[in-house]
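Spelled out, the chains give:
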Amino acid sequence: MITSKSLTLKNTTLFGFVFLLFLSCGKQVSGISEANPWKKMDLIIKNIPETHFSNKTYNVKDFGAVADGKTSNTLAFEKAIKECAKNGGGKVLVPNGKYLTGPIHLESNVNLHLEDQAEILFSIDAKEYPLVHTSWEGTELMNYSPLIYAKNKTNVAITGKGTLNGQANSTNWWIWAGGKNYGWQKGIPSQNDPTNRDVLIDMAEKGVPVSERVFGEGRYLRPTFIEFFECNTVLIKDVTIINAPFWVMHPIKSKDMIIDGVTVNSHGPNNDGCDPEYSQNIIIRNCTFNTGDDCIAIKSGRDADGRRVAIPSKNIIVQNCKMIDGHGGVVMGSEISAGVNNVFVENCIMDSPNLDRAIRIKTNSKRGGTTEDIYVRNIEVGTVRECVLRATMTYDVYGAQKGNFIPSIRNISLENIKVKNGGKYGILADGYKESPIENITFKDVVIEKVDSVYSLKNVKNLNFINTYINGKKVESIKN
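These remarks concern the structure in this document.

**With respect to the pairing of strand β10 (residues 148–151)**
Alright, step 1. Pairing of strand β5 (residues 104–105) with β10 involves two bridges; the strand directions are parallel. For Ile 104, the partnering residue across the bridge sits in β10 and is Ile 148.
Alright, step 2. Examined bridge by bridge, β10 and strand β13 (residues 226–229) share four bridges and lie parallel to one another. Each bridged residue has a counterpart across the sheet, and for Lys 151 the counterpart in β13 is Phe 229.

The following block contains the structure:
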């Protein structure tokens, strides 16, 4: 049984007061957060509640599920989950076997648990996915339901060592991305058609209410795989996730979430492994990411929509993870308009000739936002293709991305990093003259086999402490 930490009300209240006082005053009190930010991480972890479920089991087979990989089990999953929630919660058990289903909508106090040889196959028929309030690349809308979805739920989980299979490939969901590598050819409709993605972005810029941003059929915007929307006290543990239509795990406007021991193996377009957005107090630990896009990408909304919501993502902790293929290991952006702060990454392994960067921050003057207090330590990097650290204020996918919202990037620390094959640059950083990237520190970093130490534009205070690149000690740059 998954149990919560037992704290008395008195102790919880006292701890919460101390925790909030520390976070609000940390930089002013004795300089403690600058001196040892990892103490702040420890406090964040201690303050995240764990899920707790009633000791009752609801076997989906008892509600009509058939494990033949062909029969639709959408109704059986729905009945089991609703019955479980109605009776106070517990475990909805998915026994060994293959189960075809449409979208699964979770309820509070429900733990969807897959046995080791259980595999849930999600339908590739878009018509089975109703419209719900969701988000697409940092812009809220009414669109196809995520494959697993929960909105405004508390104490909810997905656990077990079974497999969640989105069944996406170059003949269905992926083709909508409009990329020739994923089956698209001229004449096939995609998200890039003038009436689709561009219309959504325009609606958000004009302030059209989310309820009126109705997409779905005929608009070709792919659903996320697992989305917890405005939820709290959430656990995803041990499952394997493959073949996602779009982003894999997407906590949005959520808090107090633990993602533990999850394996993501999905190489489709925009197949980010985990995208916390407008979310806080998120732990991602003991996971393996082998993805077609960023392994972990921390978000906070696109452009006007991000400024409308105005909830920064913060207190994001990544521990003991392995990053294989991906555009970036741990990334902030590019949908980052509400800002990101207090990110802690430790004890990870990143290694693949297809991994472009270890740590990346990407924004531009349409996004704006402040990214600050990013702490990374104890990382082993085998091979990265481009650089160890990439921080840019001129991110330009989808063409020129220039506006009047000048971003800020500051306070990035990498400590005890070992890199065997560093790619083109140790650091690739470009800020604005009016808003330089500030305070990058490399401490006890060793980077081997890199073409250039760094490429810098408008960077202020680059500190190297006991750092060696290509066998030579590197000196700090103060300006």
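**Points about the packing of aromatic side chains**
In this description, an aromatic ring pair is defined by two values, namely the gap between the centres and the angle between the planes.
Alright, step 1. Within this structure, the stated rule accounts for 15 aromatic pairs.
Alright, step 2. Relative to Trp 176, the ring of Tyr 144 has its centre 5.8 Å away and its plane inclined at 40°; by these criteria the two rings are tilted. Highlighted residues: Tyr 144 in strand β9 (residues 139–144) and Trp 176 in the loop between β12 (163–165) and α5 (197–205), separated in sequence by 32 residues. Across the pair, Trp 176 and Tyr 144 agree in class, each one buried.

**Overview of the pattern of salt bridges**
Alright, step 1. Here the structure, examined in full by the defined rule, presents 28 salt bridges.
Alright, step 2. Measuring nitrogen to oxygen at the nearest pair gives 3.4 Å for the salt bridge that ties Arg 302 to Glu 335. Here Glu 335 lies in the loop between β24 (326–333) and β25 (340–350) and Arg 302 lies in the loop between β21 (296–298) and α6 (303–309), a separation of 33 residues in the sequence.
Alright, step 3. Overall, the relative accessible area of 3% leaves Arg 302 in the buried class.
Alright, step 4. Look at Glu 335 and you get buried, because its relative accessible area is 5%.
Alright, step 5. The salt bridge involving Arg 308 is made with Asp 305; its shortest N-O contact spans 3.0 Å. Of the two residues, Arg 308 and Asp 305 both sit in helix α6, three residues apart, roughly one turn of that helix.
Alright, step 6. Look at the salt bridges and you will find they share partners, linking Glu 137, Arg 197, Asp 198, Asp 272, Lys 299, Arg 302 and Glu 335 into a network.

The rules behind these values
- Residues numbered from 1 in each chain as written.
- Predicted model: local features only at pLDDT ≥ 70, side-chain atom pairs only at ≥ 80, totals over all residues.
- Heavy atoms only, no water.
- Pairing = 2+ DSSP bridges.
- Helix = DSSP H or I, 4+ residues; strand = E, 2+ residues; numbered from the N terminus.
- Phe/Tyr/Trp six-rings, centres within 6.5 Å; stacked < 30°, edge-to-face > 60°.
- Buried < 20%, exposed > 50% of the residue type's maximum accessible area, 1.4 Å probe, protein only.
- Salt bridge = Lys/Arg side-chain N within 4 Å of Asp/Glu carboxyl O.

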